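# Close look at the chain arrangement
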Amino acid sequence: MTNVKTSSLGFPRIGLNREWKKSLEAYWKGNKERETFLNEMDKQFVAALKTQVDQQIDIVPVSDFTFYDHVLDAAVMFNWIPERFKHINDPLDTYFAMARGTKEAVSCEMTKWFNTNYHYIVPEYEKNAQYRLTKNKPLEDYRRAKEALGIETKPVILGLYTFVALAKGYEKQDIKGIYESLIPLYIQLLKELEEEGVKWVQIDEPALVTASPGEVAAAKDIYQAITAEVSGLNILLQTYFDSVDAYEELISFPVEGIGLDFVHDKGKNLEQVKAHGFPKDKVLAAGILDGRNIWKANLGERLDWITELIGELGVREVWIQPSNSLLHVPVAKHPDEQLAGDLLNGLSFAKEKLSELSLLKEGLVSGKAAVKEQIDAANGHLEALKQFGTAANTAFAEERNRLTEEDFKRVTPFEERLRIQNESLGLPILPTTTIGSFPQTAEVRSARQKWRKKEWSDEQYESFIKTETKKWIDIQEEIGLDVLVHGEFERTDMVEYFGEKLGGFAFTKYAWVQSYGSRCVRPPVIYGDVEFKEPMTVKETVYAQSLTSKHVKGMLTGPVTILNWSFARYDLPRKEIAFQIAHALRKEVEALEKAGIQIIQVDEPALREGLPLKERDWDEYLSWAAEAFRLSTSSVKDTTQIHTHMCYSNFEDIVDTIEDLDADVITIEHSRSHGGFLDYLAKHPYLKGLGLGVYDIHSPRVPPTEEMLSIIQDALNVCPADRFWVNPDCGLKTRQPEETIAALKNMVEAAKQARDQLAQTV
Ligand code: GLN
Ligand code: ZN
């Protein structure tokens, strides 16, 4: 008989009402005493545990809770404190300085946590640093949980292999030495836990899912070295976000339990468990509920699934758990959340997911009949949700069936289009443009607030937006830009704006998730078939166009970006959802064209971040991503120029996809890329329209003309001049008006000088 327990891998830190964020920000501003702040943090730490205990979770994690980020916690614990922060004596000040920077020291870099929208602080390796254990946070947290709630908990620790994989500042050949310097620290950390009488620790090793067989073997050596010294402690080696290819090696690690994600593994983990079995003496921690989506699970199906697996494996003990830390979903359904009943009933956030697990456990222990009522109720909710989501757009299914290959491509080849557009658009060589947004000043934000709170009427708000648009059209004319934009003053967020206008999307008031540090986001919820209802950007664009004889570029967010920054339904493949969004955007593109707009930009800044973790899955994703983009943009006339924009540099790895988008022009971030990409372009010429960002928009600094001119000159060594564009790296939404104007003037001047030089050379 297999023993069954419920377990949680991690819980959101932010609190139901974002108490965590509020405490942190007040403390940073100096509006809160340290003692008050620490007390509040402690309360929130305990509250998160209590919520999990209340859902009857048998094995509750500790030390996943943090004051900023769990990777930063690990770095600080091992004294991976970069030299530039060493002058700060107080540990808490040091911690926040690394996260947020100070006047003297720039913050540590932040980057995406695997393929999620959470961002962690990148540990920095420094060669001659003294690494040691500065404190034992898991132990402190374990004690505190026991004291506050009288419970045994499972400390969570970021694994050594993953910690190093996420760090920077070393060469490949240093890696062995780094492992060796860290192994004693992990041993010390775990020994202290062992001495305390801790039963289980969860060591997170998500990086194993992208590791090569050789790397998995190296990781095994690490665990051999560690466990040789710590024998009285049970270690659960936890993987998530995908399958581990070297499964047989993984199950031979000298640990007492292995955690596998059976949700995001594309069926691979199950396949391997079935093919190779699972060691009878180890605990299998089975991730069976999706820890990244927000939907109620099909509990009947899940119960059958896990019942069958347990029956087949005959292991001693199984922990059923979410696929990964619940950090990536909102805390719980808020009592004041106002959503349609059928939608609300279909949702399941962190707290609700844990109670689903408890129900599954009951079904396993007492038999399916014992939980039949709850399973039926959940099924009813899912059925109602489906009805609710698909009733709105009955047309799409039919339209989808009618789509043919022709709908996914532009008829005329690029070179021919370029010739036609050059004639009809009448632009100078090296045309100048911006990426779309102009400064969202305090005034703009407060206007929107007033309108949202109904202090301002629609007319008042619209007239404000018009005034702002006109102001910036005049400014752009005055600066001498060639292709103008309306400025995006009506948009807070490039996804929310479209989601609010399309069918099939819902917006919550309280469903926040942590993005990085204290920053939280509320991703839109795609619950049903996406539907175009009415033009979304035509009014603003046409108004802007009416004010100038230059071309105003229409500005849309692309289908892949809208999908990647939303919580999507799970009953359709992502590709199909992307196609639905694309199909709706196609109508918007057509509406803009019909209204006389000749240049339309469809932004895809999130296309690359949607890449699957395993390279072998890239092609499939990239090919439908490109198809979705083309579905949204390919119905236009040859005279209509399609632009796209992505904000990252060095896109060597997806350059084929960029090509495949078949956009007439792509503008990308470039100013900080130090020429690496130009070297690439020298070898692999890019022959469609290309705008390499000539200035960094992340900083208030106004780059001098010469600097931008030299970027243009370098680029023209490898890019054909007749299709090269001059633009900033990205939108200017976060900049101040004065610096924006000054920088753009220099940019336009740089383009002029470059044109003069070109004229002289021919
Ligand atoms: N058009 C958007 C803007 O300028 C693009 C933003 C982005 O790339 N993230 O703000
Ligand atoms: Zn951008």
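Every residue gets a number counted from 1 within its own chain, in the order that chain's sequence is written. By the order in which they are written, chains take letters starting at A while ligands take numbers starting at 1. For this predicted model, a pLDDT threshold of at least 70 governs which residues receive local features, and a threshold of 80 or more governs which side-chain atom pairs are given and counted, while totals over whole chains, interfaces and linings are taken from all residues. To obtain the side-chain values, all non-hydrogen atoms of the structure were included, while hydrogens and water were left out.

Taking an unreviewed UniProt entry as the reference, the protein is identified by name as 5-methyltetrahydropteroyltriglutamate--homocysteine methyltransferase belonging to Bacillus glycinifermentans. UniProt positions are given in the numbering used here, feature names are shortened, and annotations may be inferred rather than shown by experiment. Database annotation for the protein, UniProt heading Catalytic activity (unreviewed entry): "5-methyltetrahydropteroyltri-L-glutamate + L-homocysteine = tetrahydropteroyltri-L-glutamate + L-methionine". Under Pathway (unreviewed entry), UniProt gives the following word-for-word description of the protein: "Amino-acid biosynthesis; L-methionine biosynthesis via de novo pathway; L-methionine from L-homocysteine (MetE route): step 1/1."

For the rest of this paragraph, the subject is the site of ligand 1. Around ligand 1 lies a shell formed by Ile-435, Gly-436, Ser-437, Glu-488, Met-494, Met-555, Asp-603, Pro-605, His-645, Cys-647, Cys-730 and Gly-731. Within the side chain of Ser-437, one N or O atom sits 2.7 Å away from an oxygen atom of ligand 1. Within 3.5 Å is the distance limit for a polar contact, defined as a pair of N or O atoms, with the added protein rule that one can donate a hydrogen and the other accept it, and that residues adjacent in sequence qualify only through two side-chain atoms. Glu-488 is positioned with one of its side-chain polar atoms (N or O) 2.8 Å from a nitrogen atom of ligand 1. Each accessible area value is a Shrake-Rupley result obtained with a 1.4 Å probe; residue values ignore everything except the protein chains displayed when judging cover. With the chains in place, 90% of the 300 Å² that ligand 1 exposes on its own is no longer accessible. For the shell around ligand 1, the per-class residue count stands at six nonpolar, four polar and two charged. Whether a residue is near a molecule or strand depends on its heavy atoms: if one lies within 4 Å, it is near. Residue type decides the class: Asp, Glu, Lys and Arg count as charged, Ala, Val, Leu, Ile, Met, Phe, Trp, Tyr, Cys and Pro as nonpolar, and the leftover types, Gly among them, as polar.

Attention now moves to the UniProt feature "domain: Cobalamin-independent methionine synthase MetE N-terminal" (unreviewed entry) in the protein. As annotated in UniProt, the feature "domain: Cobalamin-independent methionine synthase MetE N-terminal" (unreviewed entry) corresponds to residues 6-310 in the numbering used here. A helix here means a DSSP run of H or I that spans at least four residues, while a strand means a run of E at least two residues long, and both kinds are numbered starting from the N terminus. A helix fraction of 44% and a strand fraction of 12% characterise residues 6-310, whose end C-alpha atoms lie 14 Å from each other.

What follows covers the packing of helix 7 (residues 175-196) against helix 8 (residues 213-229). Between helix 7 and helix 8, the least distance of the axes is 9 Å, while the angle of their chain directions is 35°. The chirality of how helix 7 crosses helix 8 is right-handed. Along its contact with helix 7, which presents Tyr-179, Ile-183, Tyr-186, Ile-187, Leu-190 and Lys-191, the element helix 8 presents Ile-222, Ala-225, Ile-226 and Glu-229. The residue inventory of the contact of helix 7 with helix 8, partitioned by class, reads eight nonpolar, no polar and two charged. Angles here are taken between N-to-C directions and fall from 0 to 180 degrees, while the axes themselves are lines fitted to C-alpha atoms, restricted in helices to the stretch in contact. Note on convention: near helix rotated counterclockwise from far helix by under a right angle means a left-handed crossing. Clockwise means right-handed. Contacts: residue pairs with any heavy atoms within 4.5 Å of one another.

According to UniProt, the feature "active site" (unreviewed entry) maps to His-698 in the numbering used here. Relative to the helices and strands, His-698 is located in the loop between strand 21 (689-693) and helix 26 (705-716). Residue His-698 is classed as partly exposed on the basis of its relative accessible area of 45%. A polar contact is formed between the side chain of His-698 and the side chain of Asp-696, at a distance of 2.7 Å. Any residue under 20% of the maximum accessible area for its type is buried, any over 50% is exposed, and the rest in between are partly exposed; the area is computed with a 1.4 Å probe on protein chains only.

Before going further, it helps to examine the coordination of the zinc ion (ligand 2). Protein coordination at the zinc ion (ligand 2) comes from His-645 (NE2), Cys-647 (SG) and Cys-730 (SG), with a distance range of 2.0 to 2.4 Å. Positions of the donor residues of the zinc ion (ligand 2) along the chain correspond to the pattern H-x1-C-x82-C. Of the two residues, His-645 is situated in strand 19 (residues 641-646) and Cys-730 in the loop between strand 22 (724-727) and helix 27 (737-761); the sequence distance between them amounts to 85 residues. His-645 sits in the buried class, given a relative accessible area of 2%. Note on donors: an N, O or S atom is included if it sits within 2.8 Å of the metal, or within 3.2 Å for Na, K and Ca, and water is never included, so sites can look incomplete.

The next thing to look at is the sheet that holds strand 16 (residues 551-557). We treat two strands as partners when DSSP finds at least two bridges between them. Read from one edge of the open sheet, seven strands run 11-16-18-19-20-21-22, paired in parallel fashion. The outermost strands of the open sheet, each flanked by one partner alone, are strand 11 (483-484) and strand 22. Pairing between strand 11 and strand 16: two bridges, direction parallel. By the bridge assignment, Leu-484 is partnered in strand 16 with Val-552.

Before going further, it helps to examine the nonpolar core. In this structure, Phe-78, Trp-80, Trp-113, Phe-163, Leu-182 and Leu-190 are the most contacted members of the largest nonpolar core, which totals 146 residues. It is helix 7 that contributes the most residues to this core, 10 residues altogether. Those residues in contact with Trp-80 that sit more than four places away from it in its chain are Ala-75, Met-98, Pro-123, Glu-124, Tyr-125, Tyr-131, Phe-163, Ala-167, Ile-178 and Leu-182. By nonpolar core is meant a set of buried Ala, Val, Leu, Ile, Met, Phe, Trp, Tyr and Cys residues that side-chain atoms within 4.5 Å join together.

With respect to the secondary-structure elements, Thr-657 resides in helix 24 (residues 655-661). Excluding anything up to four places from it in sequence, Thr-657 contacts Leu-607, Leu-622 and Ala-626.

By secondary structure assignment, the location of Ala-595 is in the loop between helix 22 (574-594) and strand 18 (599-603). Classification of Ala-595 as partly exposed rests on a relative accessible area of 36%. Linking Ala-595 and Ala-606, residues 11 residues apart in sequence, is a C-alpha distance of 28 Å. Those residues in contact with Ala-595, other than ones at most four positions away along the chain, are Val-538 and Val-542.

On to the pairing of strand 9 (residues 283-289). The buried fraction of strand 9 is high, at seven of seven residues. Crossovers are described as right-handed under a simple rule: with the strands pointing away from the observer, the path leading from the first strand over the helix to the second runs clockwise. Handedness of the crossover is the feature at issue here: the chain leaves strand 8 (residues 257-261), passes through helix 10 (residues 268-276), returns alongside strand 9, and the resulting connection is right-handed. As defined by bridge partners, strand 9 adjoins strand 10 (residues 317-322) across six bridges and the pair is classed as parallel. Across the sheet, Gly-287 pairs through a bridge with Gln-321, a residue of strand 10. As a crossover connection, the stretch from strand 9 through helix 11 (residues 299-313) into strand 10 is right-handed.

Helix 7 packs onto helix 5 (residues 137-149) with a crossing angle of 25° between their chain directions and a minimal axis gap of 9 Å. Taken together, the axes of helix 5 and helix 7 are roughly parallel relative to one another. Here helix 5 contributes Pro-138, Leu-139, Tyr-142 and Arg-143 to the contact with helix 7, which in turn contributes Leu-189, Glu-192, Leu-193 and Glu-196. For the contact of helix 5 with helix 7, the class distribution of residues is five nonpolar, no polar and three charged. Throughout, the term roughly parallel applies to angles under 35 degrees, roughly antiparallel to angles over 145, roughly perpendicular to angles from 65 to 115, and oblique to all others.

In this section: the pattern of salt bridges. Each reported salt bridge corresponds to a side-chain nitrogen of Lys or Arg within 4 Å of a carboxyl oxygen of Asp or Glu. All told, the structure shown has 57 salt bridges when counted by the stated rule. Between Lys-361 and Asp-58 there is a salt bridge, and its shortest N-O distance comes to 2.8 Å. On the criterion of sequence distance, the pair formed by Lys-361 in helix 13 (residues 350-366) and Asp-58 in the loop between helix 2 (34-54) and strand 2 (61-62) is long-range, its members being 303 residues apart. Judged by its relative accessible area of 35%, Asp-58 falls in the partly exposed class. Here Arg-302 makes a salt bridge to Glu-301, at a shortest N to O gap of 3.0 Å. Residue class for Glu-301 comes out partly exposed when judged on its relative accessible area of 36%. A cluster of three or more residues bridged by salt bridges with shared partners is formed by Arg-410, Arg-417, Glu-659, Asp-662, Asp-664 and Lys-688.

Listed as buried for helix 20 (residues 538-546) are Val-538, Glu-540, Thr-541, Ala-544 and Gln-545. Those residues of helix 20 that are buried are in contact with helix 18 (458-479), helix 19 (496-499), strand 16 and helix 22.

Helices are assigned an expected span. That span is 1.5 Å times one less than the residue count. With 21 residues, helix 22 should reach 30 Å at 1.5 Å per residue; the first-to-last C-alpha distance of 30 Å fits that figure. One or two steps after helix 22, the chain reaches Gly-596, where phi turns positive at roughly 100°.

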